[in-house]
There are 2 protein chains.
Amino acid sequence: MTKPIILTGDRTTGPLHLGHYVGSLKSRLAFQDTHRQFLLLADMQALTDNAHDVGKVRDNVIEVALDYLAVGIDPERTSICLQSQLPALAELSMLYLNLVTVARLERNPTIKDEIRARGFGRDIPAGFLCHPASQAADITAFRATVVPVGEDQAPLIEQTNEIVRRVNALAGRELLQEAQAIIPRAGRLPGVDGRSKMSKSAGNAIPLSASPDDISAAVRAMFTDPDHLRVSDPGKVEGNVVFTYLDAFDDDRNAVEDLKARYRRGGLGDSSVKRRLENILQELIAPIRARRTELATDRDLVVDIIRRGTLKARDTTERTKCYVMEGLGLFQL
Amino acid sequence: MTKPIILTGDRTTGPLHLGHYVGSLKSRLAFQDTHRQFLLLADMQALTDNAHDVGKVRDNVIEVALDYLAVGIDPERTSICLQSQLPALAELSMLYLNLVTVARLERNPTIKDEIRARGFGRDIPAGFLCHPASQAADITAFRATVVPVGEDQAPLIEQTNEIVRRVNALAGRELLQEAQAIIPRAGRLPGVDGRSKMSKSAGNAIPLSASPDDISAAVRAMFTDPDHLRVSDPGKVEGNVVFTYLDAFDDDRNAVEDLKARYRRGGLGDSSVKRRLENILQELIAPIRARRTELATDRDLVVDIIRRGTLKARDTTERTKCYVMEGLGLFQL
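Here the structure is a predicted model, which means the values were calculated and not measured.

Describing the overall build of chain A
Helix and strand content of chain A: 14 helices and five strands. In terms of C-alpha radius of gyration, chain A reaches 22 Å, essentially the compact-globule figure of 20 Å for 333 residues. The long-range share in chain A, meaning contacts at least 24 apart out of those at least 6 apart in sequence, stands at 77%. Carbon together with sulfur atoms contributes 49% to the accessible area of chain A, which is approximately 14,300 Å² in total. Side chains of chain A give 44 positive and 45 negative charges; the mean places of these two sets differ by 2 Å.

Digging into the nonpolar core
Core analysis: the biggest nonpolar cluster contains 105 residues, and A:Leu95, A:Tyr96, B:Leu95 and B:Tyr96 have the highest contact counts within it. Those residues within four positions of B:Leu95 in sequence are excluded, and the remaining contacts are A:Met44, A:Leu47, B:Val324, B:Met325, B:Leu328 and B:Leu330.

Some points on the interface of chain B and chain A
When the parts come together, some accessible area is lost, and that loss is often what is quoted as the size of the interface. Counting residues at the interface gives 52 residues for chain B, matched by 52 residues for chain A. Regarding the contact of chain B and chain A, the summed buried area is about 4,400 Å², with carbon and sulfur atoms giving 70% of it. Seen at the junction of chain B and chain A, the total is zero salt bridges. Between the two partners, chain B and chain A, sit 10 residue pairs in polar contact (both at pLDDT 80 or more). At the level of secondary structure, the elements contributing two or more residues to the side of chain B that touches chain A comprise helix H2 (43-47), helix H3 (54-71), helix H4 (87-96), helix H5 (102-107), helix H7 (126-129), helix H9 (154-171) and helix H14 (299-328) of chain B. In the side of chain B that touches chain A, the residues fall into 31 nonpolar, 12 polar and nine charged.

So, the domain arrangement of chain A
Residue and element names in this part refer to chain A. By the assigned domains, chain A splits into domain 1 (5-189 + 299-328) and domain 2 (212-294). Surface buried jointly by domain 1 and domain 2 totals about 950 Å² across both partners, of which 68% is contributed by carbon and sulfur atoms. Its largest share of buried area at the contact with domain 2, domain 1 owes to Leu18, Ala70 and Leu189, together 52% of the area lost on that side. At the boundary of domain 1 with domain 2, the tally comes to two salt bridges. In this structure, the salt-bridge partner of Arg292 is Glu63, at a minimum N-O distance of 2.8 Å. For the side of domain 1 that touches domain 2, the elements supplying multiple residues, two or more each, are helix H1 (18-34) and helix H3 (54-71). Sort the elements by how many residues they give to the side of domain 1 that touches domain 2 and H3 lands first, with six residues. Among the residues making up the side of domain 1 that touches domain 2, the classes are represented as nine nonpolar, one polar and three charged.

A look at the relation of the copies chain B and chain A
With an RMSD of 0.0 Å, the fit of chain B onto chain A corresponds to turning through 180 degrees and sliding 0.0 Å along the axis. Overall, the copies show the geometry of a two-fold rotation axis. When each C-alpha of chain B is compared by its distance to the rotation axis, B:Ala90 comes out closest, at 2.7 Å. A shared interface surface links the copies, since 100% of the contact residues of chain B are contact residues in chain A too.

Description of the pattern of salt bridges
Opposite charge on two side chains lets them pair, provided their charged atoms get close. In this structure the tally under the stated criterion is 48 salt bridges over all chains. One salt bridge connects A:Arg165 with A:Glu178, and the closest N-O pair in it is separated by 3.1 Å. Remark: A:Glu178 occurs in the loop between helix H9 (154-171) and strand S5 (180-182) and A:Arg165 occurs in helix H9; sequence separation between them is 13 residues. For A:Glu178, a relative accessible area of 39% gives the class partly exposed. When the shortest N-O distance is used, the salt bridge between B:Lys321 and B:Glu318 registers 3.1 Å. Taken as a pair, B:Lys321 and B:Glu318 lie in helix H14 at a separation of three residues, close to a single helical turn. With a relative accessible area of 8%, B:Lys321 lands in the buried category. With a relative accessible area of 24%, B:Glu318 lands in the partly exposed category. Overlapping salt bridges, with partners in common, bring together A:Glu76, A:Asp304, A:Arg307 and A:Arg308 in one network.

As for the packing of helix H8 (residues 131-141) of chain A against H9(A)
Residues and elements named next belong to chain A. One can describe the packing of H8 onto H9 by two numbers: an axis separation of 9 Å at closest approach and a directional angle of 70 degrees. Judged by the inter-axis angle, H8 sits roughly perpendicular to H9. In this structure, H8 contributes His131, Pro132, Ala133, Gln135, Ala136, Ile139 and Thr140 to the contact, and H9 contributes Leu156, Ile157, Gln159, Thr160, Ile163 and Val164. Of the residues belonging to the contact of H8 with H9, the class tally is eight nonpolar, five polar and no charged.

Section: the side chain of A:Lys274
All names here are of chain A. The residue Lys274 is located in helix H13 (residues 270-296) in this model. At 5.4 Å, Asp270 is the nearest oppositely charged side chain to Lys274, a buried residue that forms no salt bridge. Within the local environment of Lys274, its side chain forms a polar contact with the backbone oxygen of Val219, the two atoms lying 3.4 Å apart. When neighbours within four sequence positions are excluded, Lys274 is seen to be in contact with Val219, Arg220, Ala221, Met222, Thr224 and Val242.

Let's talk about the state of the cysteines
Under the counting rule described, the total for this entry stands at zero disulfides over all chains. Here B:Cys81 stays unpaired: no disulfide links it, and the sulfur of B:Cys322, its closest cysteine neighbor, is 18 Å away. On the accessibility criterion, B:Cys81 (0% relative accessible area) is buried. No disulfide involves B:Cys130; its sulfur sits 3.5 Å from that of A:Cys130, the nearest cysteine.

Here's the deal with the side chain of B:Asn98
On the secondary structure map, B:Asn98 appears in the loop between H4 and H5. When near neighbours in sequence (up to four residues on either side) are disregarded, B:Asn98 contacts A:Met44, A:Leu47, A:Thr48, A:Ala51, A:Pro125, A:Gly127, A:Phe128 and B:Arg166.

Here we look at unusual backbone geometry
Residues and elements named next belong to chain A. Phi at Arg143 is positive, roughly 55 degrees, even though this residue is not glycine. The residue Arg143 is located in the loop between H8 and strand S4 (146-148) in this model. Its relative accessible area of 34% is what places Arg143 among the partly exposed residues.

What to know about helix H8 (residues 131-141) of chain B
Buried residues dominate H8(B), accounting for 11 of its 11 residues. Just downstream of H8(B) lies B:Arg143, where phi reads positive at about 55 degrees.

Considering the packing of aromatic side chains
All names here are of chain A. What the rule picks out here adds up to six aromatic pairs over all chains. Where Phe38 meets Phe142, the ring centres are 4.7 Å apart and the plane angle is 45 degrees; that geometry is what we call tilted. In this pair, Phe38 sits in strand S2 (residues 36-42) while Phe142 sits in the loop between H8 and S4, placing the two residues 104 residues apart along the sequence. The same class applies to Phe38 as to Phe142, namely buried.

What counts, and at which threshold
- Residues numbered from 1 in each chain as written.
- Chains lettered and ligands numbered in written order.
- Predicted model: local features only at pLDDT ≥ 70, side-chain atom pairs only at ≥ 80, totals over all residues.
- Heavy atoms only, no water.
- Helix = DSSP H or I, 4+ residues; strand = E, 2+ residues; numbered from the N terminus.
- Rg over C-alpha atoms; globule rule 2.2 N^0.38 Å.
- Contact = heavy atoms within 4.5 Å.
- Areas by Shrake-Rupley, 256 points an atom, 1.4 Å probe, with all protein chains shown as cover.
- Lys, Arg positive; Asp, Glu negative; His and termini not counted.
- Charge placed at Lys NZ, Arg CZ, Asp CG, Glu CD.
- Core = buried A, V, L, I, M, F, W, Y, C linked by side-chain atoms within 4.5 Å.
- Buried < 20%, exposed > 50% of the residue type's maximum accessible area, 1.4 Å probe, protein only.
- Buried area = accessible area lost by both parts, 1.4 Å probe.
- Salt bridge = Lys/Arg side-chain N within 4 Å of Asp/Glu carboxyl O.
- Polar contact = N/O pair within 3.5 Å; in protein donor to acceptor, adjacent residues only side chain to side chain.
- Nonpolar A, V, L, I, M, F, W, Y, C, P; charged D, E, K, R; others polar.
- Domains from an automatic or database assignment.
- Least-squares fit on C-alpha atoms with pLDDT ≥ 70 in both.
- Axes fitted to C-alpha atoms, helices over the stretch in contact; angles between N-to-C directions.
- Parallel < 35°, antiparallel > 145°, perpendicular 65-115°, else oblique.
- Disulfide = S-S within 2.5 Å.
- Phe/Tyr/Trp six-rings, centres within 6.5 Å; stacked < 30°, edge-to-face > 60°.

Written as structure tokens, this is what we have:
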């Protein structure tokens, strides 16, 4: 039996951080054994709201690829590929844009939220509004049936499947399969400030390439319980970023539950808990950073890995495009 | 000196008619001597509002190509090419969609008018709204600097040039040249009913493949002056379709002016003027129909002409795409 195809990826707008590690990279490592995995370096998607800064989008192609390889993505089992070098994705996007109305795109909750969050109003770039059709192109071009997404992204998969059904209805047979969204159990990792999800732009992220000092500083600055003034005071665990991180990164569940109980009772200082977390993060990041530093010295090797992954992806996506265009009944030369 | 590049084309939604002959085909014959000409069989654009009828869009690829060849388009001097087989057009479209806002697309007068005319409202297909970015992709991909358009299409060229300026500003140098719209002097040919421009969907068209009987019937039914009841009555020339057509197709200007004067005075019957027009149209269409009928027996030849034109077009458009993507600073593999 052939393995199911899984498509994930990242916009190339910045190096990845611990939020990515918990939310997606860890499960991608596991998917390497069970799925045929494509990792899309989504530079075209990044341009939908970064057209003014192509340099950032370009430079982070290598940074994200380095992060993938550093955490243990194996290019023999996962194809790392570059979106802008896959013409079939653009061709299917243009095709699918005819199968969805402007009103439907505007109703998409993910797009609506993002438009609000970015303060775009009607001055939203057209490419940003059209993104759901592009995502449908990505997913279907790779024939991915499994798509891990954050919970705020689930409506995008629903829209993909609407387009899939429309394509199949027009073709009069099942050209494309619907995709299934997988929402990771872990949920979003908050930033060190506890105010929102971890993100580079919010300045509350610990990148996977963080130095030992960066890690120390980030943990020291981490948001805990503002009412927990003396060690002897009872402390709150909920919303306390240090405990949220222990939940995410400490494999010794019993020890963490024990610490939580002591913290709640009073008598456990922030600095002790932070010391434990810092050790765990230092141990987690040290080998990633080491591999990343080593790989970064051989840029050609990384480019070659992306090139080979992109060629494999091109093969798959071109085939799907021809199949869809022919299946829909377009003129064939 | 190399010849300037000209791009024109037609949506493949129906065979061409006399309106196309007057409005564009005649001048395309002349451009063959002075320009490097690409004729785009715009099947992807046709899908922006015909996604429900891919069969119509497909079948008319050959019909439109037959019309081109029948009127005298010479595949050695004009590349007839198929839009859906030119990936660079989709890739540049997706890129340009990031350089234009939804609000700007909605303000485009051509799109606004068409949305109103088609009664789309907010249920407009996204591809239809995005068409101006695709047209910019077409024009720039071919490096066309001359684009003949109907007067209602001139705002599309303005939008293309806005995108060109945006690309050049982002690249910090002149990657692309602005295009110049050429609006044909002839203006739009009205339909035989005189109510609107000639179009197949309005049912008021004389196709280039019309039979002698079709032509007779169309001229007989042609709208003249409804108040010109008796031959001896004075008649109106303005809005009288028979005279509009004589202006468009009769090369003997003096004879036409003479007929107009007699008609205005009274004493010239509709049937005499119609007889003159019918003779002219029969003579014009007879050789076109004959060539068309002959060519239609050799479908493979026509497909091969489209294939060769598309290969030439692919060469040009792929080169432009790479140049633009590299020039804007995207990651190169």
